[in-house]
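# Residue-level structural notes
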Amino acid sequence: MAETADVRLARVARAQYGAFTREQARDSGLSRGTIDARLRSGQWRLLHLRVYCAAAVCDRPETRALAGLLFCGAGAAFSHLTAARLHGISLRVVDPRVWLSVPAARVVARRPDLVVTRSRRLLGWVESTRGQPVTTLPRTILDLAQVLDEPELSGVLYDVVRREPTIVDRALAAAEGMGGRAGIATLRRVAASFDPAYESAAEARAGGAFAEAGILLTSQVEVWDGWRLVARLDFADEDLLLDVEIDGDRSHGTPAAQIRDRRRDRELRRLGWTVLRFPAADTHTRLRGIVAEVAEHQRALRAHRRPAR
């Protein structure tokens, strides 16, 4: 049986999360009159100029993103905040807009739900991620340096370096190849303060605050029970057997992670450790409070160990 125009168009739209262009509808075999009639009747919705979706398609972020990509045309790629999310980078910034980069010669009409940057240096800096054109990870970090503040950019580096240990050097190398680009100075400052001894920006903030307060803690301490590794501690006072944990939502926020943490803490307490846990967000809002609580626990543990007279 011959394939109909609607079936052909549906196949194209499925690959684009429901979005399609006027040209794709025409290439599928639908006439101009049919296209216009479906728009007038409400059977199709207009997403951008010459970009549509069926009225029954849910308003999903993926559909809006692909509609923006189609609107920008050939050679466009997801970049900045949208590319970061496609690379699996955790961001505190909430921005529902779709971020894209296009070749410098391309002029794209402004849309309130799109942020489009024109770039002379896209060739060689775009890869396929989750089936979509996305700026490479080093290029994405360099782009983020233009739009994020230094604490947020630092969090990005700590988030990515766990998966890509060489990403800081690769991002700096990308910066060197983009002379004069905005954000390079910011990236260099953040990279200079990056400390691989920590696993997150929140840990780095806490570690700096502990050191400034004169609290002596060692980071990334391994606790073994015979031949078995029980835990790797964020910060530890090994003399007092005090464990200080800075818990990020990504690593500790799921029910499975919380069950794992409780089991780990029971094991540590069995071995004589005191465990303190603080949400990573507290390093932004009450860092002094964290320092005060840790200092108070150290004093209490020392007093408990002091022999009675």
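Notes on the structure in this doc start here.

Conventions used here
Along every chain, residues carry numbers that run from 1 in the direction the sequence is written. Two thresholds apply to this predicted model, a pLDDT of at least 70 for residue-level local features and 80 or more for giving and counting side-chain atom pairs, whereas whole-chain, interface and lining totals are computed over all residues. Excluded from the side-chain calculations are hydrogens and water; all other atoms, namely the structure's heavy atoms, are used. Under the scheme used here, helices are H or I runs from DSSP no shorter than 4 residues and strands are E runs no shorter than 2 residues, and both carry numbers assigned from the N terminus. Our radius of gyration is a C-alpha quantity, and the globule rule it is checked against amounts to 2.2 Å times the number of residues to the power 0.38. Classification of residues uses two cut-offs on accessible area relative to the type maximum, computed with a 1.4 Å probe and protein chains only: under 20% is buried, over 50% is exposed, and between them is partly exposed. The charge count includes Lys and Arg as positive and Asp and Glu as negative, but it does not include His or the ends of the chains. Working definition for charges: the position is that of NZ of Lys, CZ of Arg, CG of Asp or CD of Glu. The rule for pairing is simple: two strands pair if DSSP sees at least two bridges between them. A fitted line through C-alpha atoms represents every axis, and for helices the fit uses only the stretch in contact; the resulting angles, taken between N-to-C directions, go from 0 to 180 degrees. Contacts are assigned to residue pairs that have any heavy atoms within 4.5 Å of one another. Counted as salt bridges are all cases of a side-chain nitrogen of Lys or Arg within 4 Å of a carboxyl oxygen of Asp or Glu. Put simply, angles under 35 degrees are roughly parallel, angles over 145 are roughly antiparallel, angles from 65 to 115 are roughly perpendicular, and the rest are oblique. The classification used treats Ala, Val, Leu, Ile, Met, Phe, Trp, Tyr, Cys and Pro as nonpolar, Asp, Glu, Lys and Arg as charged, and all other residues, Gly among them, as polar. In this scheme the crossing of two helices becomes right-handed for a clockwise turn of the near helix relative to the far one and left-handed for an anticlockwise turn of less than a right angle.

## Quick word on the overall build of the protein chain
Secondary structure summary: the protein chain contains 14 helices and twelve strands in total. In summary, the protein chain has a C-alpha radius of gyration of 26 Å against a globular reference of 19 Å for 309 residues, an excess of more than 25%. Relative to its 309 residues, the protein chain shows a buried fraction of 45%. Here the protein chain carries 48 positive and 38 negative side-chain charges, and the mean point of each set is 7 Å from the other.

## Description of the sheet that holds strand β10 (residues 228–237)
With respect to topology, four strands assemble into an open sheet ordered β9-β10-β11-β12, the strand pairing being mixed. Each edge of the open sheet is held by one strand with a lone partner, namely β9 (218–225) and β12 (274–279). Strand-to-strand twist across the sheet, computed as the mean angle between neighbouring axes with direction ignored, equals 45°. Examined bridge by bridge, β10 and strand β11 (residues 242–247) share three bridges and lie antiparallel to one another. When the bridges of β11 are listed, F235 appears paired with V244. Across the sheet, helix α12 (residues 255–270) touches β9, β10, β11 and β12, and the angle it forms with β10 is around 85°. On top of the sheet, helix α14 (residues 287–305) reaches β10, β11 and β12; it is set at about 175° to β12, its chief contact.

## Topic: the sheet that holds strand β3 (residues 51–54)
Spatially, the three strands line up as an open sheet ordered β1-β3-β2, and their pairing is antiparallel. For this open sheet the edge positions go to β1 (19–21) and β2 (44–48), each flanked by a neighbour on one side alone. Within this sheet the neighbouring strands show an average axis-to-axis angle of 40°, counted without direction.

## Considering the pattern of salt bridges
Once the charged atoms of two side chains with opposite charge are near each other, the side chains can pair. Counted under the stated rule, the structure contains 26 salt bridges. With a closest N to O distance of 2.4 Å, R286 and E293 form a salt bridge. What makes R286 partly exposed here is its relative accessible area of 30%. Residue E293 is classed as partly exposed on the basis of its relative accessible area, which comes to 31%. The network of salt bridges with common partners includes D243, E245, D247, R260, D261, R264, D265 and R277.

## Re the packing of helix α6 (residues 137–147) against helix α9 (residues 184–193)
A pair of packed helices is characterised by two quantities: the angle between their axes and the separation of those axes. At their nearest, the axes of α6 and α9 sit 8 Å apart, and the two run at 105° to each other. In terms of orientation, α6 and α9 fall into the roughly perpendicular class. Across from I141, L142 and A145 in α6, the residues of α9 making contact are I184, T186 and L187. Tallied by class, residues from the contact of α6 with α9 come to five nonpolar, one polar and no charged.

## Here we look at the packing of α6 against helix α7 (residues 150–161)
It is at 10 Å that the axes of α6 and α7 come closest, and there the two elements cross at 165°. As far as their axial angle goes, α7 and α6 are roughly antiparallel. Here the hand of the crossing between α6 and α7 comes out right-handed. For the pair formed by α6 and α7, the contact residues are L137, I141, L144 and A145 on the first element and L153, V156, L157 and V160 on the second.

## Observations regarding the side chain of T21
With respect to the helices and strands, the residue T21 is situated in strand β1. Among all residues touching T21, those that are not within four sequence positions of it are R50, V51, Y52 and L70.

## Points about unusual backbone geometry
A positive phi is found at H80, a non-glycine position, where the angle reads about 50°. Relative to the assigned elements, H80 resides in helix α5 (residues 80–86). For H80, a relative accessible area of 3% corresponds to the buried category. Residue L241 is not a glycine yet carries a positive backbone phi of 55°. The topology assignment puts L241 in the loop between β10 and β11. On the accessibility criterion, L241 (28% relative accessible area) is partly exposed.

## A short note on the pairing of β11
The buried fraction of β11 is high, at six of six residues. With burial as the criterion, each face of β11 is covered, one bearing L242, V244 and I246 and the other bearing D243, E245 and D247. Where β10 folds back onto β11 in an antiparallel hairpin, the turn is made up of four residues, including L241, whose phi is positive at roughly 55°. As judged from the six bridges shared by β11 and β12, these two strands associate in the parallel manner. Pairing of V244 across the sheet is with L276, part of β12.

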